[in-house]
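Residue-level structural notes
So you can see what is in the structure, the chains are spelled out below.
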Number of protein chains: 2
Amino acid sequence: MLRAALRDGTAARHSVFEVFARRLPQGRRYGVAAGTGRFLDALERFRFGASELDFLTSHGVVDDDTAAWLHDFRFGGDIWGYAEGECYFPGSPILRVEGTFAETILLETLALSIFNHDCAVAAAASRMVQAAGGRPLIEMGSRRTHEKAAVAAARVAYLCGFASTSNLEAGRVHGVPTAGTSAHAFTLLHDDERQAFRSQIAATGEDTTLLVDTYDVAEAVRTAVELAGPRLGAVRIDSGDLRVVAEEVRRQLDGLGARDTRLVVTGDLDEYAIAALAAAPCDSYGVGTSLVTGSGAPTASLVYKLVAREDVSGALLPVAKASPGKSGTGGRKHAHRRFQDGVAQAELVSASPPAPEPGTEDRPLQVPLVAAGRIIGREPLEAARERHRRALAELPPTALHLTKGDPALPTLAER
Amino acid sequence: MLRAALRDGTAARHSVFEVFARRLPQGRRYGVAAGTGRFLDALERFRFGASELDFLTSHGVVDDDTAAWLHDFRFGGDIWGYAEGECYFPGSPILRVEGTFAETILLETLALSIFNHDCAVAAAASRMVQAAGGRPLIEMGSRRTHEKAAVAAARVAYLCGFASTSNLEAGRVHGVPTAGTSAHAFTLLHDDERQAFRSQIAATGEDTTLLVDTYDVAEAVRTAVELAGPRLGAVRIDSGDLRVVAEEVRRQLDGLGARDTRLVVTGDLDEYAIAALAAAPCDSYGVGTSLVTGSGAPTASLVYKLVAREDVSGALLPVAKASPGKSGTGGRKHAHRRFQDGVAQAELVSASPPAPEPGTEDRPLQVPLVAAGRIIGREPLEAARERHRRALAELPPTALHLTKGDPALPTLAER
């Protein structure tokens, strides 16, 4: 496409692409805009070096003129988007990329890969945090997803309210708080469970989390409290009927005087399993597989569509394809969230800023991220985390229902 | 764990870890061992540098002794595994990592991340190739998964029989053949479809693939053949009822004399949709989302379990946890596939090599990948691709059924 457009001159046409989801997966009630920080970092590094250009030309993917253009490529356009952590709905233009056709078409794969992955994990993470009702969640999914996706997933989980991650690289790169417990292998390595517990306590102190389900849970709990005393930090249960076992272990711990020892439960938890443990005496949850795989929706199905481009006269012309089931709405769009008494009512997506309506307030949702190629939208991960908390609090209460349903806000599209 | 084991001396105990799946997801009939090549590359780069060590010590994750150990870390153990592309079944020990506890526990996340991702995509890819019945498949899922996972997915798709990928980085890094078509944006960029087609043909020649469903399919096909003549390479259909539209377009192309122009169909295809197009006049398929997300099973649920370790006397002791629903079988295992008349009958997983049985042949499945830290298992991607083709041909024919069922081979475990 780039090669043909450079040849015929249309590569220079000013173009507007928008990223949006046609629908929310799995009967979910909101999406979470996530990946912005990673996208801006990736955009800064997005260059074509000698190795890439050599591959492209030697395999006939591009001709020499296109290679020369790619060699000099620096994105020089503008990008607006929903601030990271903000909620979104079907049709919400969560990213808008403007510039020449050549420089904007080139960002399609980069933007979609990052946002489709991160938004998928974010939507699951956010619901799990709601289901946990204030109990802390540890992200533990690194081993169930691609090694680099794992780091991104840990970042997004924290953004959506997880307390920590077991992915140490996410701690190093993104500043996510890290936590971890020991594995069954550590117990099996030792001559008996007692030696394993003693070794762990000696290395990390009494305020540690001992894994108690390698052999017999009741015996392990007894040994744990005997060795660490009532100041034992926590015990972890990773198997069995978690609700039943949690009750038993809590009773046993209390009986042994370890009233402050916490219970960490793990093992194939998703938002529904977490919700079902609400009445169980768990103190925190470790979540792996279902988080990093988006709990049934491993991609956010976001698309990157050309909505307007310069015509021969230099004016900006709205465009849209007419494919059945996939037709779009042309034109650069404004996005606002309409509030009444502090509660969100609707997502307004319109060609021009919406007319004010008495008794309501409209908050613009798009913020500048890149201006003439310069990245201006960076922020600390904590800011996005706090924004997501606020964004959820503004939605109508049904938004937080776990059951399948319609999007919590209607998207009102106006030309 | 590492810190405590270094302190108490058990870090030096010889340990044997095995990677296996307790079950196959989604009623699938076989799994595909994939990721070996990537794992060996990653293992070679797996070092702890100044930035990592500084993070770990400054955040109190490890003490100075552990940091010093990590600084000098080089994996010096042995790794055996199923050759890449080989099929696997529940309990198949597709990887075996041996060495000190310290060096082997450290590889858990690296190995599981890579194999869980790559095996998940491979299982889906292999079934799609079967469903396509010889028609070529193009991998097009980059935009629906994490940006680095996309490159790995393209590699694995090719390994399992896809013809090519639209991910150019997979071409550069892994040598996967690349292919691509144009997007709707390219048509929308131009003043009309005719100009877009003319530009594409001028840039890439008549043997190109024109996307014909931006506006009206019949008109687009007419324009395409008018401009490119009967030597037009292919047209792509990305929307509508693909079976119906393919029939119509084929008729139209034939009527226009473009009998050799091929039909590429894309649009939310998975193995079932591909199978349903068997009678339609499609020449090739482009598959995206369902491939990179493992078509319903985005992780292979492989685990990394300690199965044996040195005891105080220096002997190797089989170990296994007793957790309900997750118990394992201790001991280092041999894996063979038993054949009768050239057809696989069973997966033999046993403590010692199986006794020969008259009329059957046993093929050992584990090959050496790393010896005393030296990587010896590298091979060209083509070798794994060819191996997968052969491995499938040896399975009983039911293995290739798309319907949900039991694993195609029983796993016979013997102590």
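Residues numbered from 1 in each chain as written. Chains lettered and ligands numbered in written order. Predicted model: local features only at pLDDT ≥ 70, side-chain atom pairs only at ≥ 80, totals over all residues. Heavy atoms only, no water.

The name that an unreviewed UniProt entry assigns to chain A is Nicotinate phosphoribosyltransferase, with the source organism given as Actinocorallia aurantiaca. Under Catalytic activity (unreviewed entry), UniProt gives the following word-for-word description of chain A: "5-phospho-alpha-D-ribose 1-diphosphate + nicotinate + ATP + H2O = nicotinate beta-D-ribonucleotide + ADP + phosphate + diphosphate". Regarding chain A, the UniProt comment filed under Sequence similarities (unreviewed entry) reads as follows: "Belongs to the NAPRTase family." (UniProt positions renumbered as here; feature names shortened; annotations may be inferred.)

Quick look at the interface of chain B and chain A now. Many descriptions give the size of an interface as the accessible area lost when the pieces come together. At the junction of the two partners, chain B supplies 75 residues and chain A supplies 75 residues. Carbon and sulfur atoms supply 60% of the area buried between chain B and chain A, which totals about 6200 Å² over both sides. Inspection of the region where chain B meets chain A yields 10 salt bridges. Measuring nitrogen to oxygen at the nearest pair gives 3.1 Å for the salt bridge that ties Glu 108 of chain A to Arg 143 of chain B. Broken down by element, the side of chain B that touches chain A gets its largest block of residues, 7 residues, from helix H6 (residues 108-132) of chain B. (Contact = heavy atoms within 4.5 Å. Buried area = accessible area lost by both parts, 1.4 Å probe. Salt bridge = Lys/Arg side-chain N within 4 Å of Asp/Glu carboxyl O. Helix = DSSP H or I, 4+ residues; strand = E, 2+ residues; numbered from the N terminus.)

Okay, the packing of helix H11 (residues 217-228) of chain B against helix H12 (residues 242-255) of chain B next. All names here are of chain B. Running from amino to carboxyl end, H11 crosses H12 at an angle of 35°, the nearest separation of the two axes being 10 Å. Taken as a pair, H11 and H12 cross one another with a handedness that is right-handed. Contacts between H11 and H12 involve Val 217, Ala 218, Val 221, Arg 222 and Val 225 on the former and, on the latter, Val 245, Val 249, Gln 252 and Leu 253. Residues that form the contact of H11 with H12 fall into these classes: 7 nonpolar, 1 polar and 1 charged. (Axes fitted to C-alpha atoms, helices over the stretch in contact; angles between N-to-C directions. Left-handed = near helix turned anticlockwise from the far one by under 90°. Nonpolar A, V, L, I, M, F, W, Y, C, P; charged D, E, K, R; others polar.)

With that settled, consider the domain arrangement of chain A. All names here are of chain A. By the assigned domains, chain A splits into domain 1 (2-106 + 301-325 + 363-395) and domain 2 (133-295). Computed over C-alpha atoms only, the centres of domain 1 and domain 2 are separated by 39 Å. When the area that domain 1 buries against domain 2 is broken down by residue, the three leading residues are Arg 38, Leu 381 and Arg 385, summing to 54%. Joining domain 1 to domain 2, the criterion identifies 1 salt bridge. (Domains from an automatic or database assignment.)

Applying the stated rule across the entire model yields 60 salt bridges over all chains. Residue Glu 169 of chain B pairs with Arg 172 of chain B through a salt bridge whose shortest N-O separation is 2.8 Å. Of the two residues, Glu 169 of chain B and Arg 172 of chain B are both situated in helix H8 (residues 168-174); the distance of 3 residues between them amounts to about one turn of the helix. A relative accessible area of 28% means that Arg 172 of chain B is categorised as partly exposed. Among the ionic contacts, a cluster of salt bridges with common partners joins Glu 86, Arg 337, Glu 347, Arg 363 and Glu 394 of chain A. (Buried < 20%, exposed > 50% of the residue type's maximum accessible area, 1.4 Å probe, protein only.)

Turning to the relation of the copies chain B and chain A, a few remarks are in order. Taken as rigid bodies, chain B and chain A are interconverted by a rotation of 180° and an axial shift of 0.0 Å, the fit giving an RMSD of 0.0 Å. Between the two chains, the operation in question is that of a two-fold axis. A shared interface surface links the copies, since 100% of the contact residues of chain B are contact residues in chain A too. (Least-squares fit on C-alpha atoms with pLDDT ≥ 70 in both.)

What follows concerns the packing of aromatic side chains. Residue and element names in this part refer to chain A. Across all of its chains, the model carries 14 aromatic pairs over all chains by this definition. Seen in terms of ring centroids, Phe 46 and Phe 73 are 5.9 Å apart; in terms of plane orientation they differ by 90°. Their pairing is edge-to-face. In this pair, Phe 46 is assigned in the loop between helix H2 (36-45) and helix H3 (50-58) and Phe 73 in the loop between helix H4 (64-72) and strand S3 (78-82), connecting sequence segments 27 residues apart. For Phe 73, a relative accessible area of 2% gives the class buried. Aromatic pair Phe 48 and Phe 73: ring centres 6.2 Å apart, planes at 75°, arrangement edge-to-face. Placement of the pair is Phe 48 in the loop between H2 and H3 and Phe 73 in the loop between H4 and S3, with a sequence separation of 25 residues. A relative accessible area of 17% places Phe 48 in the buried class. Among the aromatic residues, those joined into a cluster by ring pairs are Phe 46, Phe 48, Trp 69 and Phe 73. The cationic tip of Arg 385 hangs over the ring face of Tyr 158; the distance from NZ or CZ to the ring centre is 4.0 Å. (Phe/Tyr/Trp six-rings, centres within 6.5 Å; stacked < 30°, edge-to-face > 60°. Lys NZ or Arg CZ within 6 Å of the ring centre and 35° of its normal.)

Time to look at the sheet that holds strand S9 (residues 234-237) of chain B. All names here are of chain B. With respect to topology, 6 strands assemble into an open sheet ordered S7-S6-S11-S10-S9-S8, the strand pairing being parallel. Edge positions in the open sheet fall to strand S7 (164-165) and strand S8 (209-211), since each of these has one partner strand only. As paired strands, S9 and strand S10 (residues 262-266) are joined by 4 bridges and run parallel to one another. Opposite Arg 236, over in S10, you have Val 264 as the bridge partner. (Pairing = 2+ DSSP bridges.)

Right, let's talk about the side chain of Glu 347 of chain B for a bit. Residue and element names in this part refer to chain B. By secondary structure assignment, the location of Glu 347 is in strand S15 (residues 343-350). At 2.8 Å, the side chain of Glu 347 and the side chain of Arg 337 are in polar contact. Not counting chain neighbours up to four residues away, the residues in contact with Glu 347 comprise Tyr 82, Tyr 88, Phe 89, Ser 92, His 336, Arg 337, Leu 365, Leu 409, Pro 410, Thr 411 and Leu 412. (Polar contact = N/O pair within 3.5 Å; in protein donor to acceptor, adjacent residues only side chain to side chain.)

Residues and elements named next belong to chain B. With a phi close to 45°, Ser 295 is a non-glycine residue in the positive phi region. Tracing the backbone shows Ser 295 in the loop between helix H14 (289-292) and strand S12 (302-310). Backbone geometry places Asp 341, a non-glycine residue, at a positive phi of 50°. Its location among the elements puts Asp 341 in the loop between strand S14 (334-340) and S15.

The subject of this paragraph is the sheet that holds strand S5 (residues 95-100) of chain B. In a beta sheet, neighbouring strands are held together by backbone hydrogen bonds and run either parallel or antiparallel to one another. Residue and element names in this part refer to chain B. Strand order in the open sheet formed by 7 strands is S13-S12-S1-S5-S3-S17-S18, with antiparallel pairing between adjacent strands. Of all the strands in the sheet, the pair left with one neighbour each is strand S13 (316-318) and strand S18 (374-375). Across 4 bridges, the pairing between strand S3 (residues 78-82) and strand S17 (residues 366-371) is antiparallel. Looking across to S17, one finds that Tyr 82 is bridged to Gln 366. Docked against the sheet, helix H2 (residues 36-45) engages S3, S5, S17 and S18, running at close to 15° with respect to S17. Set on the sheet, H6 makes contact with strand S1 (14-21), S5 and S12; between it and S12 the angle comes to about 145°.

With that settled, the discussion passes to the UniProt feature "domain: Nicotinate phosphoribosyltransferase N-terminal" (unreviewed entry) in chain A. Using the residue numbers shown here, the UniProt feature "domain: Nicotinate phosphoribosyltransferase N-terminal" (unreviewed entry) corresponds to residues 1-116 of chain A. Along residues 1-116 of chain A the backbone is 42% helical and 20% strand, and the end-to-end C-alpha distance reaches 23 Å.

The subject of this paragraph is the packing of H2 of chain A against helix H6 (residues 108-132) of chain A. All names here are of chain A. Viewed as axis vectors pointing N to C, H2 and H6 meet at an angle of 155°, and their least axial separation amounts to 9 Å. Between H2 and H6, the angle falls in the class roughly antiparallel. At the point where H2 passes H6, the crossing takes the right-handed sense. Here Thr 36, Arg 38, Phe 39, Ala 42 and Leu 43 of H2 come into contact with H6, specifically with Leu 110, Ala 111, Ile 114, Phe 115, His 117 and Asp 118. Residue composition of the contact of H2 with H6, grouped by class: 7 nonpolar, 2 polar and 2 charged. (Parallel < 35°, antiparallel > 145°, perpendicular 65-115°, else oblique.)

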